[in-house]
Amino acid sequence: GAGVSQSPRYKVAKRGQDVALRCDPISGHVSLFWYQQALGQGPEFLTYFQNEAQLDKSGLPSDRFFAERPEGSVSTLKIQRTQQEDSAVYLCASSKTGGPSYNEQFFGPGTRLTVL
Amino acid sequence: QQQVKQSPQSLIVQKGGIPIINCAYENTAFDYFPWYQQFPGKGPALLIAIRPDVSEKKEGRFTISFNKSAKQFSLHIMDSQPGDSATYFCAASGANAGKSTFGDGTTLTVKP
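Residues numbered from 1 in each chain as written. Chains lettered and ligands numbered in written order. Predicted model: local features only at pLDDT ≥ 70, side-chain atom pairs only at ≥ 80, totals over all residues. Heavy atoms only, no water.

## Considerations on the side chain of Asp 56 of chain A
Here is the rule we go by: In this text, helices come from DSSP runs of H or I with a minimum length of four residues, and strands from runs of E with a minimum of two, each type numbered from the N-terminal end. For every residue, the accessible area obtained with a 1.4 Å probe (protein chains only) is divided by the maximum for its type, and the residue is called buried under 20%, exposed over 50%, and partly exposed between those limits. Identification of polar contacts relies on pairs of N or O atoms within 3.5 Å, with a donor-acceptor requirement for protein atoms, meaning one able to donate a hydrogen and the other able to accept it, and with residues adjacent in sequence counted only if both atoms are side-chain atoms. Only heavy atoms enter the contact rule, under which two residues are in contact if any of them lie within 4.5 Å.
Within the fold, Asp 56 of chain A resides in strand β6 (residues 53–56). For Asp 56 of chain A, a relative accessible area of 15% gives the class buried. A polar contact is formed between the side chain of Asp 56 of chain A and the side chain of Ser 58 of chain A, at a distance of 2.7 Å. Beyond its immediate sequence surroundings of up to four residues, Asp 56 of chain A is in contact with Phe 45, Leu 46, Thr 47 and Tyr 48 of chain A together with Lys 99 of chain B.

In structure tokens form, the structure reads like this:
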């Protein structure tokens, strides 16, 4: 099926390493979201793109987190100098249109990041 | 400040029972309230959603009740089945905001 895909599914990093997480949204979806889900918690918003424009990055926890979507399709979330508190599942979601909130967000399976 | 509070944290019912999960929100700018179902190792999947212009919405065995004045909404699962065992999240978002704010989740177990 043509759902949202994320890679890698699992990533183990040593503290201080840089990691890059990839999201392939559903083809043609305008909006793309990144969320962080800690164990036993609900997803927490990180950042939002409409096409290639990053419209909201208010949820990024520090300047070690950086996201891009240069051609308005695939997105990469990069975490520099990883810390143990970065361990979580990183979820990507896409939706058909931008703007109003009535658009269903389709989630990928997530990337589970473990920082040792 | 947690903007969306969800309860209970966990819930166990017998097959055929009607589990009810509740959420309360603070931000009156929220105008879209979805419920998601998440199985282990999977991303959340939209079950049903409601806007504040209606007080109830039903899709199959799932019903959302919405109380705008109390800023509360709830999910009812009719005739629950063991396959409904999962974690359920409520969420809320505002017009043009894009992002969703999630509750902390309810782990539902439906016993055969």
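## A closer look at the environment of Tyr 10 of chain A
All names here are of chain A. Inspection of the secondary structure assignment puts Tyr 10 in strand β2 (residues 10–13). Residue class for Tyr 10 comes out exposed when judged on its relative accessible area of 59%. Between the alpha carbons of Tyr 10 and Thr 111 there is a distance of 5.4 Å; along the sequence they are 101 residues apart.

## Some details on the pattern of salt bridges
Any two side chains of opposite charge can pair, given that their charged atoms come close. Residue and element names in this part refer to chain A. Here is the rule: Basic side-chain nitrogens of Lys or Arg form a salt bridge, by our definition, when they fall within 4 Å of a carboxyl oxygen of Asp or Glu.
Under the defined criterion, the tally for this structure stands at six salt bridges over all chains. Put simply, Arg 64 and Asp 86 hold a salt bridge, and the shortest N to O gap is 2.8 Å. Placement of the pair is Arg 64 in the loop between β6 and β7 (65–68) and Asp 86 in the loop between β8 (75–79) and β9 (88–95), with a sequence separation of 22 residues. Asp 86 sits in the buried class, given a relative accessible area of 2%. With its nearest N and O atoms 3.4 Å apart, the salt bridge here joins Lys 78 to Glu 68.

## Looking at the nonpolar core
It is characteristic of soluble globular proteins that their nonpolar side chains tend to be buried jointly. All names here are of chain B. Operational definition: Nine residue types can take part in a nonpolar core, namely buried Ala, Val, Leu, Ile, Met, Phe, Trp, Tyr and Cys, and a core is a set of them joined through side-chain atoms within 4.5 Å.
Membership of the largest hydrophobic core comes to 24 residues, with the highest contact counts inside it found for Phe 33, Trp 35, Phe 73, Leu 75 and Tyr 88. Broken down by secondary-structure element, the contributors of at least two residues to this core are β2 (10–14), β3 (20–25), β4 (30–38), β5 (45–50), β7 (62–67), β8 (72–77), β9 (86–94) and β11 (106–111). Residue contributions to this core peak at four residues, all from β9. If we skip the residues at most four places from it in the chain, Leu 75 touches Pro 19, Ile 20, Ile 21, Trp 35, Leu 47, Ile 48, Phe 62, Thr 63 and Tyr 88.

## Concerning the interface of chain B and chain A
Heads up, the condition is: As used here, buried area is the combined drop in accessible area, with a 1.4 Å probe, of two parts when they are placed together.
Facing 22 residues of chain B, the contacting portion of chain A comprises 23 residues. For the pairing of chain B and chain A, the buried interface totals around 1700 Å² over both sides, and the portion due to carbon and sulfur atoms is 52%. Counting the contacts that link chain B with chain A gives one salt bridge. A salt bridge links Lys 99 of chain B to Asp 56 of chain A, with the shortest nitrogen-to-oxygen separation between them at 3.8 Å.

## Looking at the sheet that holds strand β1 (residues 5–7) of chain A
Residue and element names in this part refer to chain A. In plain terms, the rule: A pair of strands counts as paired when DSSP detects no fewer than two bridges linking them. Axis definition: a line fit to C-alpha positions, over the contact stretch in the case of helices; interaxial angles, taken between N-to-C directions, run 0 to 180 degrees.
Judged by pairing direction, the sheet is antiparallel, and its four strands sit side by side in the order β1-β3-β8-β7 without closing on themselves. Looking along the sheet, the strands with just one partner apiece sit at the ends: β1 and β7. Strand-to-strand, the axes of this sheet are offset by a mean angle of 15 degrees, without reference to chain direction. As paired strands, β7 and β8 are joined by four bridges and run antiparallel to one another. Pairing of Ala 67 across the sheet is with Leu 77, part of β8.

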